Amino acid sequence: MHKKLYLYLFCLLCSSIVMASEYMAETAKQAPKPISPNLTKAISLDEVSEPAESDLIWKGVSSSFDLPFEEWDNDDEERTWLHGLSGNFALGYPLLQTSAANLPANATTGPTNNNATATLSLKYTILGNWFISSTLYYYIDGDQQQAWNPDFTYVFGYSDWRPYTFSLMYANYGGNRFKATEEQPVTNFDQGTWSLGWKFPITKPFIDWLSFTDEGAIGCQTDFNFTPEYFDLASTTYKKGHKTLSLGCKYAIFGNWYVNATAFYYFDSSQKQPWNPDFTYGFGYFDWPPGTITIQYNNYSGNRWHPSDRGEDTGRFIDGAFTIAYSFTF
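About the cut-offs
- Residues numbered from 1 in each chain as written.
- Predicted model: local features only at pLDDT ≥ 70, side-chain atom pairs only at ≥ 80, totals over all residues.
- Heavy atoms only, no water.
- Pairing = 2+ DSSP bridges.
- Helix = DSSP H or I, 4+ residues; strand = E, 2+ residues; numbered from the N terminus.
- Axes fitted to C-alpha atoms, helices over the stretch in contact; angles between N-to-C directions.
- Core = buried A, V, L, I, M, F, W, Y, C linked by side-chain atoms within 4.5 Å.
- Buried < 20%, exposed > 50% of the residue type's maximum accessible area, 1.4 Å probe, protein only.
- Disulfide = S-S within 2.5 Å.
- Salt bridge = Lys/Arg side-chain N within 4 Å of Asp/Glu carboxyl O.
- Phe/Tyr/Trp six-rings, centres within 6.5 Å; stacked < 30°, edge-to-face > 60°.

*Asks:* Kindly report on the sheet that holds strand β11 (residues 293-299), identifying the contributing residues and their values.
*Replies:* Pairing within the closed barrel is antiparallel, and its 12 strands lie in the order β1-β2-β3-β4-β5-β6-β7-β8-β9-β10-β11-β12. Put simply, the sheet's adjacent strands are angled 20 degrees from each other on average, direction ignored.

Below is the structure:
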């Protein structure tokens, strides 16, 4: 029932999922010569020179949301309009395909669809760890693009790769359009998600219990996610104040190979829709330097702890997608 709405609301949910794993991708960009994309290696308790854990926690917490204006002064001679700009090209291929749908122009409802996409993502670092980013979408099968399939998405806020730091971000993955119509505005800002998060590594002795490789490392992030306006299937109306708590962890097995998962808690269980997952998961090969290739599988569909509770055509392995991406910087 109402399968046609699942993907639209799924896009809104993606904002909390992506933000829950943001630092897992950012950590390795700053870590000194890591062997895997995670922060644990940078704070190994085996290092005699490392400060106490309490000092690391305080350093992370107290440095959150810094505004290092001195960076602008130091970079004045070198800074160009491209300074701080990076991005990637990606191809996304869902495991489950559907045939093309012939829908009228400006249709706002339609069948659930899975569409291969090509994307261009750009991220601009404004100052320190304050940033703004956007992704542009091209649908391989143009007939399959529905009202809930965005032309672009956008994210902005503060996210530091270092452990024990807070983050605050806004993300909008709804059906944003380059050109507004009577039925659909350029964007519905209230249908994006705000997330306040905190990052932390899994350290000894726990990492020794959980890892089965010598190189294994685990980094986690917990987030409070708030969406001002969300669609409620039971009443077929938009309601206010969707709230969740999420915990996401990434296990770097060895080298750049990893698995990750995020679990969700709904403060009001009546707010959980059929497309809202109890958990999400992924795995793949993640390489962070510019000019490298990343290959990933991710499943953001309506996964349930009890499979019998999942919505129709959600929460299965085939509801996930593979992505191959090439990163670059200026």
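*Asks:* Please provide a residue-by-residue account of the nonpolar core, values included.
*Replies:* Counting residues in each nonpolar core, the largest one holds 9 residues, listed as Leu56, Tyr164, Phe200, Ile202, Ile207, Ile218, Cys220, Tyr251 and Ile253. Put simply, the parts of the chain that give this core at least two residues each are β6 (193-202), β7 (217-232) and β8 (237-254).

*Asks:* Just give me the short version of the state of the cysteines, but keep the residues and values in it.
*Replies:* Inspection of the entire model under this criterion finds 1 disulfide. In this model, Cys220 is linked to Cys249 through a disulfide, with the two sulfur atoms separated by 2.0 Å. Measuring the twist about the S-S bond at about 110 degrees, one finds the Cys220-Cys249 disulfide to be right-handed. You can see Cys220 sitting in strand β7 and its partner Cys249 sitting in strand β8, a full 29 residues away along the chain. By relative accessible area, which is 2% here, Cys220 ends up buried. With a relative accessible area of 24%, Cys249 lands in the partly exposed category.

*Asks:* Which residues make up the pattern of salt bridges, and what are the values?
*Replies:* Counted according to the given criterion, the structure contains 7 salt bridges. One continuous salt-bridge network, built from bridges that share partners, spans Lys272, Asp278 and Arg304.

*Asks:* I'd love a proper account of the packing of aromatic side chains, names of residues and values included.
*Replies:* Summed over the entire model, instances satisfying the criterion amount to 30 aromatic pairs. Geometrically, the ring pair formed by Phe65 and Tyr158 is tilted, given 5.0 Å between the ring centres and 45 degrees between the ring planes. Here Phe65, found in the loop between α3 (53-63) and α4 (70-74), pairs with Tyr158, found in strand β4 (residues 152-158); they are 93 residues apart in sequence, far enough to count as distant. A residue is classified by how much of its surface remains accessible, and Phe65, at 30% relative accessible area, is partly exposed. Classification of Tyr158 by relative accessible area gives buried; the value is 1%. One aromatic cluster is present, formed by Phe152, Tyr154, Phe156, Tyr170, Phe178, Phe189 and Trp194 through successive ring pairs.

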